[in-house]
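Working through the structure, step by step
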Amino acid sequence: MLTIYDSAARAKREFTPIRPGHVGIYVCGMTVYDRCHIGHARVLVVFDMVVRYLKERGFDVNYVRNITDIDDKIIARAAENAESIESLTNRFIELMHRDAEALGCLPPTSQPRATENVDEMIAMITTLIDRGNAYRADNGDVYFDVSTFDRYGSLSGRDPEDLRAGSRVAVDEAKDDPLDFVLWKHAKAGEPQWDAPFGPGRPGWHIECSAMSTEALGTTFDIHGGGHDLMFPHHENEIAQSECATGCHFVNYWMHNGFVRVDDEKMSKSLGNFFTIEEVTQRYHPEVVRLFILSSHYRSPLNYSDQHLDAAQASLSRWYSALKKVPANAEPIAEVMDAFHDAMDDDFNTPKAIALIHEQLSLVHKIGESDKEAAAPHAATINAMGAILNLGQLDPDVFLHWSAEGDREDTLDDADINQLIAQRAEARASRNFEESDRIRDLLLDNGITLEDGPQGTTWRRQ
RNA sequence: GGCUGGAUGGCAGAGUGGCUAUGCACCGGAUUGCAAAUCCGUUUACCCCGGUUCGACUCCGGGUCCAGCCUCCA
């Protein structure tokens, strides 16, 4: 039985899809005005894992992740760069796709862009105005009237009265109520704009997710995900808009991933304590980052540090050296696979699932020393579990020989290394251990670790 | 201030009303020309105070501390 922690219920609930065998999942994606950082990597990897596991469970998954390509920050950044908005957003969309691919994430089924769905947003806003849930203010902006939706605040457990009382919301003269939020921003000179029955302008942020999720997945769908910081007000606002516009229950399961932290503080653009996916994957193999992310439960905070990445790297080295040692020409072990599924069924408990992989790795190393055939089922089990998480699927040497991009120019290439290993083999054969050790130290200085074995010497980086 | 969530061994990180999580690190040993890798063995826990119970790290109550949201944010 697959259970998912539903943020709205604040409890794990058995997962029952609307249509048997099918899952519709919508995840709030990126606003494309800058590079993605490790916090964004977490959303990408976590929901990739969720989608892969749903598929593993036999569901046909419709995974929609939007791209916000029109908003204040994008307009500001494009102006700063003296670049067109389209050029800016296309550039960062491409970089985002590159990051996602590096992290081993499958592309979503669809990735709707806000600017390509403005008609749907206008239609939804029109409905909201017609039904009395939204109003056009004197300045031309259109706002959602929070007082018309009595469940407002239920997702995040907030009482609108409390919000008003301790309001830190900037007082906007145009709003009837400080909690009202903008659906449509009136046109301003030099900004993109679309014609609409309620006046030219551009959409507010929240409406895009309501319009695009409904367009792609229907008025009620199974799972809606995103970072924990989107719970309020973004997701709260989505619920209000969607349920008022369609009259239907919006989402059955809300999933929110925890933050990546640096020194126990949230990694964020405004604090400036972020590391981009690109810079980290130049220093560590992208799969190290993926394992690092999946090593903790998706709802827990995740502290970013080189030490933790080093640990993930060590795990993968051990993983790939096990696979290198033993061929996986056998069937996976059913009991272990069952335990793996049980762990994943329990709200995607990847740390527990990965612990099972570690246990099998130990067995491969232990048994594989003397009996490769007996170790093969364990290796096959590791491969099967790894395939579901998309870990450990590379050629072992591709991982073990991988070098950090920043080091590439001043380190030895593979041919140099093999040359030196051959020289060392000669020295060892003639029992010239002084020369042999000199070569090994030289390689170690270049980040290359040698391992002498019965089949000769192998090497790996770091 | 309000609302969420959390506190597990040196570090990371699961979990359970009584039985070794797991990985890394440490220490001892095997192996090795020496290493590395691997294996064997050992050590280190459940924030505090009450309560329930034959028995609580696990349940209940009260504290303390931490993080997040309440403004754009994955």
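Check the entry above for the structure.
1. So, the overall build of chain A
Helix and strand counts for chain A come out as 16 helices and 15 strands. With respect to the principal axes defined by its C-alpha atoms, chain A has extents near 90 × 50 × 35 Å. Out of the 462 residues belonging to chain A, those deemed buried represent 52%. Taking the intrachain contacts of chain A between residues at least 6 apart in sequence as the baseline, contacts between residues at least 24 apart amount to 75%. When the accessible area of chain A is evaluated, it comes to approximately 20700 Å², of which 48% is carbon and sulfur surface. For chain A, the distance from the average site of its 45 positive side-chain charges to the average site of its 76 negative ones is 3 Å.

2. Side note on the sheet that holds strand E4 (residues 60-65)
The pairing of strands in a sheet comes from backbone hydrogen bonds and takes either a parallel or an antiparallel form. Strand order in this open sheet of 4 strands is E4-E3-E9-E10, and the pairing throughout is parallel. Each edge of the sheet is formed by a strand with only one pairing partner; in this case those strands are E4 and strand E10 (251-257). Here the average twist between neighbouring strands, direction ignored, is 20°. In this structure, strand E3 (residues 22-27) lies alongside E4, joined through 6 bridges in parallel fashion. In the strand pairing of E4, Tyr26 is matched with Val64. Sheet contacts for helix H6 (residues 205-217): E3, E4 and strand E9 (221-227); angle to E3, the most-contacted strand, approximately 160°. Contacts from helix H7 (residues 231-246) reach E9 and E10 within the one sheet, and its direction differs from that of E9 by about 155°.

3. So, helix H15 (residues 414-429)
Here H15 contains 16 residues, and its C-alpha end-to-end distance of 22 Å stays within 8% of the 22 Å for a straight helix at 1.5 Å per residue. Buried residues of H15: Ile417, Leu420, Ile421, Arg424 and Ala427, and no others. For H15, the angular spread of the buried residues around the axis is 115°, confining them to a single face. Away from its buried face, by an angle of more than 90 degrees, H15 presents the exposed residues Ala415, Glu426 and Ala429. Backbone nitrogen of Ala415 and a side-chain oxygen of the N-cap are separated by 3.1 Å at the start of H15; the cap is Asp413. Remark: Arg431 follows H15 within two positions and exhibits a positive phi of approximately 55°.

4. A few points about the packing of helix H9 (residues 286-294) against helix H10 (residues 306-325)
Where H9 contacts H10, the axes come no closer than 9 Å and their chain directions differ by 110°. Overall, the two elements H9 and H10 adopt an arrangement that is roughly perpendicular. In contact with Glu287, Val288, Val289, Leu291 and Phe292 of H9, H10 contributes His308, Leu309, Ala312, Gln313, Ser315, Leu316 and Tyr320. Here the residues of the contact of H9 with H10 sort into 8 nonpolar, 3 polar and 1 charged.

5. Observations concerning empty space enclosed by the protein
A full pass over the atoms with the stated rule returns 1 cavity of 30 Å³ or more. In this structure, the largest cavity spans a volume of roughly 50 Å³. Lining the largest cavity are His285, Gln313, Ser317, Phe399, Leu400, Trp402, Arg461 and Gln462. Elements with a contribution of two residues or more to the lining of the largest cavity: H10 and helix H14 (396-400). Its residues placed into classes, the lining of the largest cavity shows 3 nonpolar, 4 polar and 1 charged.

What counts and how
- Residues numbered from 1 in each chain as written.
- Chains lettered and ligands numbered in written order.
- Predicted model: local features only at pLDDT ≥ 70, side-chain atom pairs only at ≥ 80, totals over all residues.
- Heavy atoms only, no water.
- Helix = DSSP H or I, 4+ residues; strand = E, 2+ residues; numbered from the N terminus.
- Buried < 20%, exposed > 50% of the residue type's maximum accessible area, 1.4 Å probe, protein only.
- Contact = heavy atoms within 4.5 Å.
- Areas by Shrake-Rupley, 256 points an atom, 1.4 Å probe, with all protein chains shown as cover.
- Lys, Arg positive; Asp, Glu negative; His and termini not counted.
- Charge placed at Lys NZ, Arg CZ, Asp CG, Glu CD.
- Pairing = 2+ DSSP bridges.
- Axes fitted to C-alpha atoms, helices over the stretch in contact; angles between N-to-C directions.
- Expected span 1.5 Å × (residues − 1).
- Arc of directions from axis to C-beta.
- Polar contact = N/O pair within 3.5 Å; in protein donor to acceptor, adjacent residues only side chain to side chain.
- Parallel < 35°, antiparallel > 145°, perpendicular 65-115°, else oblique.
- Nonpolar A, V, L, I, M, F, W, Y, C, P; charged D, E, K, R; others polar.
- 1 Å grid on protein atoms, 1.4 Å probe; cavity = no way out; pocket = protein on both sides within 12 Å on 5 of 7 lines; lining within 4 Å.
- Points joined across faces, edges and corners; volume = space filled by probe spheres on them.

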